[in-house]
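Structural overview for review
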Amino acid sequence: MKDLHFYNTLSRKKEKFIPINEGHVGMYVCGPTVYNNVHLGNVRTFLTFDILFRYLKALNYKVRYVRNITDVGHLVGDGDEGEDKIGKMAKLEQLEPMEVVQRYTNDFHHVLEQFNFLSPSIEPSATGHLIEQIEAVKVLIEKGLAYESNGSVYFDIEKYNEEGGNYGHLSGRILEDLLNETRELDGQSEKRNPLDFAIWKSASPEHIMQWPSPWGMGFPGWHLECTCMSAKYLGDQFDIHGGGMDLKFPHHECEIAQGTGLTGKEPVKYWMHSNMLTVNGQKMSKSLGNSFLPHELFTGSHPLLDQAYSPMTVRFFMLQSQYRSTLDFSNEALKGSQKAFKRLLNGLRVSSTLKYKADETQAIDEKKVAEIESAITGFYEALNDDLNTAVAIAQLFTMLKYINMIYVNQLHTSALGEEVFDKLIGNYKLFFEEILGLKEENGDQTAVLDGMLNLYSEFKENRRYDKVDEIRAYFKENGMVIKDLKHRIDWAWEE
RNA sequence: GGUCUCGUGGCCGAGUGGCUAGGCACUGGUCUGCAAAACCACGUACAGCGGUUCGAAUCCGCUCGAGACCUCCA
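These figures come from a predicted structure and were not determined experimentally.

**Some thoughts on the overall build of chain A**
Within chain A, the regular secondary structure consists of 16 helices and 15 strands. Referenced to the eigenvectors of the C-alpha coordinate spread, the extents of chain A come out at roughly 90 × 50 × 35 Å. Out of the 495 residues belonging to chain A, those deemed buried represent 39%. When contacts within chain A are restricted to residue pairs at least 6 apart in sequence, long-range pairs at least 24 apart make up 71% of them.

**Observations concerning the sheet that holds strand 13 (residues 327-329)**
Taken in spatial order, the three strands of this open sheet run 12-11-13, and their pairing is mixed. Taken across any chain shown, the strands that pair with only one partner, and hence form the sheet edges, are strand 12 (282-283) and strand 13. Direction of pairing for strand 11 (residues 277-279) relative to strand 13: parallel, over a ladder of three bridges. The residue of strand 13 that forms the bridge with Leu277 is Leu327.

**Some remarks on the domain arrangement of chain A**
Partitioning chain A into structural domains gives domain 1 (20-274), domain 2 (279-435) and domain 3 (446-493). Put simply, the middle of domain 2 and the middle of domain 3, counted by C-alpha atoms, are 27 Å apart. Contact with domain 2, which involves five residues of that partner, is made by five residues of domain 3. Residues of the side of domain 2 that touches domain 3, tallied by class, amount to two nonpolar, two polar and one charged.

**So, the nonpolar core**
Among the nonpolar cores identified, the biggest contains 117 residues, and Phe155, Ile199, Met399, Ile403 and Leu424 are the most heavily contacted of them. Tallying contributions element by element places helix 1 (residues 40-58) first for this core, with 10 residues. If you count residues domain by domain, this core takes at least three from each of domain 1 (20-274) and domain 2 (279-435). In contact with Ile199, not counting residues within four places along its chain, are Val137, Leu140, Ala146, Val153, Tyr154, Phe155, Gly221 and Leu224.

**Concerning the environment of Val153**
The topology assignment puts Val153 in strand 6 (residues 152-155). Between the C-alpha atoms of Val153 and Glu470, which are 317 residues apart in sequence, the distance is 74 Å. Non-local contacts of Val153, meaning those with residues more than four positions away in its chain, are made with Val137, Ile141, Ala146, Tyr147, Glu148, Ile199, Trp200 and Trp215.

**A short note on the confidence of the model for chain A**
When pLDDT is averaged along chain A, the result is 91; 96% of the residues meet or exceed 70. Under the prediction, the complex receives an ipTM of 0.95, its pTM being 0.94.

**Things to note about the packing of helix 7 (residues 222-234) against helix 8 (residues 248-263)**
Two quantities define a packed helix pair, namely the angle between the axes and the distance from one axis to the other. Between helix 7 and helix 8, the shortest axis-to-axis distance is 9 Å and the interhelical angle comes to 55°. Considered as vectors, helix 7 and helix 8 are oriented oblique to each other. For the pair helix 7 and helix 8, the sense of crossing is right-handed. Between helix 7 and helix 8, the residues in contact are His223, Leu224, Cys226, Thr227 and Ala231 and His251, Cys254, Glu255, Gln258 and Gly259, respectively. When its residues are assigned to classes, the contact of helix 7 with helix 8 shows four nonpolar, five polar and one charged.

**Thoughts on the sheet that holds strand 9 (residues 238-244)**
What holds strands together in a sheet is hydrogen bonding between their backbones, with the strands either parallel or antiparallel. The sheet built from four strands is open, its strands ordered 4-3-9-10 with parallel pairing. Of all the strands in the sheet, the pair left with one neighbour each is strand 4 (62-67) and strand 10 (268-274). Each strand axis lies, on average, 20° off the axis of its neighbour in the sheet, ignoring direction. Across three bridges, the pairing between strand 3 (residues 24-29) and strand 9 is parallel. Counterpart to Tyr28 in the pairing with strand 9 is His241. Against the sheet, helix 7 touches strand 3, strand 4 and strand 9, its axis set at about 155° to strand 4.

Reading the values: rules and limits
Residues numbered from 1 in each chain as written. Chains lettered and ligands numbered in written order. Predicted model: local features only at pLDDT ≥ 70, side-chain atom pairs only at ≥ 80, totals over all residues. Helix = DSSP H or I, 4+ residues; strand = E, 2+ residues; numbered from the N terminus. Buried ≥ 20, exposed ≤ 12 C-beta atoms within 10 Å, placed from the backbone. Contact = placed C-beta atoms within 7 Å. Pairing = 2+ DSSP bridges. Domains from an automatic or database assignment. Nonpolar A, V, L, I, M, F, W, Y, C, P; charged D, E, K, R; others polar. Core = buried A, V, L, I, M, F, W, Y, C linked by C-beta atoms within 7 Å. pLDDT = per-residue confidence, 0-100. Axes fitted to C-alpha atoms, helices over the stretch in contact; angles between N-to-C directions. Parallel < 35°, antiparallel > 145°, perpendicular 65-115°, else oblique. Left-handed = near helix turned anticlockwise from the far one by under 90°.

What follows is the structure, encoded as structure tokens:
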């Protein structure tokens, strides 16, 4: 089997993944700024790295996954002169900033839970690491890579590049071009160069979030928290840093500059960026007003939706594309995913009921055995190839086909042999639940359903078809269907 | 304006030189009291034009179209 490869934004090609410390992986993902509800576009990014986290664990790596909560320093609007996002929302809603933070952190956790995300190993917050950030600012000033101006401190990009830095490398930008193209903004006179970015901002008296520092009352710059928290928990150099494509520049570029400036070493070995979710071909974003909130999807209340879609349907929908492609959001596409997901889900339920039955008269069907085995290795190969979940899911459908064939007695388990049968059932469950993180969304209603099905079969034996149809209709109203198999009666989610 | 990405059958979406991606929808078949489900069968699609090559959706050029980043955004 081929080794694990990821597309590294730094080199712009797929690279073999070799962790810095064998058997261990350190992974940092930029979390949300908790001033607002997370929308579906945000969810896609976190999903990408949830899959990566799950997959690395499935490959027996010991993974430390750090995903931060940004609760200060992220400014509204252009440049470094905007209002703090949290502070602005706090004023609007007449709340303490930390109430805003708590409210939207809760929302974030709730949403991710609905989508069945694993918790990261550490979820640090920016306000919890002010000391580290102030220390980092001091070091950068000492090294001559940052300067104070009116109580604010800025990172000196020209100096950084003079001393061997490579600002612009990650996003493929040339410093000179950036300098020429930078728009002149009001209030940038504090900076030596318009490109310089704030690592500490002086706060005006009315600013509600501020802390004491050697440079007066203020608050940390947005980019600095990620540098400090990743270094604290993962070390000066770590394996994987992830985030949305739109953070590449300037956020991640600034992180590299800060990290390299502080330690003299490039902080990250593999940069991974997930692509945008689009609506009618346009990026989903809050500012464009075309973003969907998760609950709007779950209830079908968004004007562009004509029905509700469950969290797992949406999770599955997103996994049907590769994370580096844009993914377009539409009713038709979601409906297709809903049906496909339910087929797979029914397969999971069914597979847990199947038992191997030895039968000496059955010959091994080599062709089917080969197809099952290649589906299983194909699943790993797909994920090894830069987390290609779309191709991985295709393998799952091949496995599903055989599970269904056994279920309806079209295929005898002995034709596969016990070992292959166990691999089929075991891996299907592993892939579906553990690695792709999909799950049953409805509670266990087995007892009720069994009673109904007994009744159904009694009526059927007595040829009371009016009652038979009535029970079917009842099931259908509740999103289920009755399946009359040759040797038994069963139910399934209506696809 | 600068940098970059993309354009695949009715819909979504993999795929970077030759080998059936997959899903949904459609159609036919098997099964069934009728259905549903399941399984089987079924679509020669790669924006356009030109070039390289024995061979291109895949490489190169041009044209058209869409989008992203350059300013907060996952």
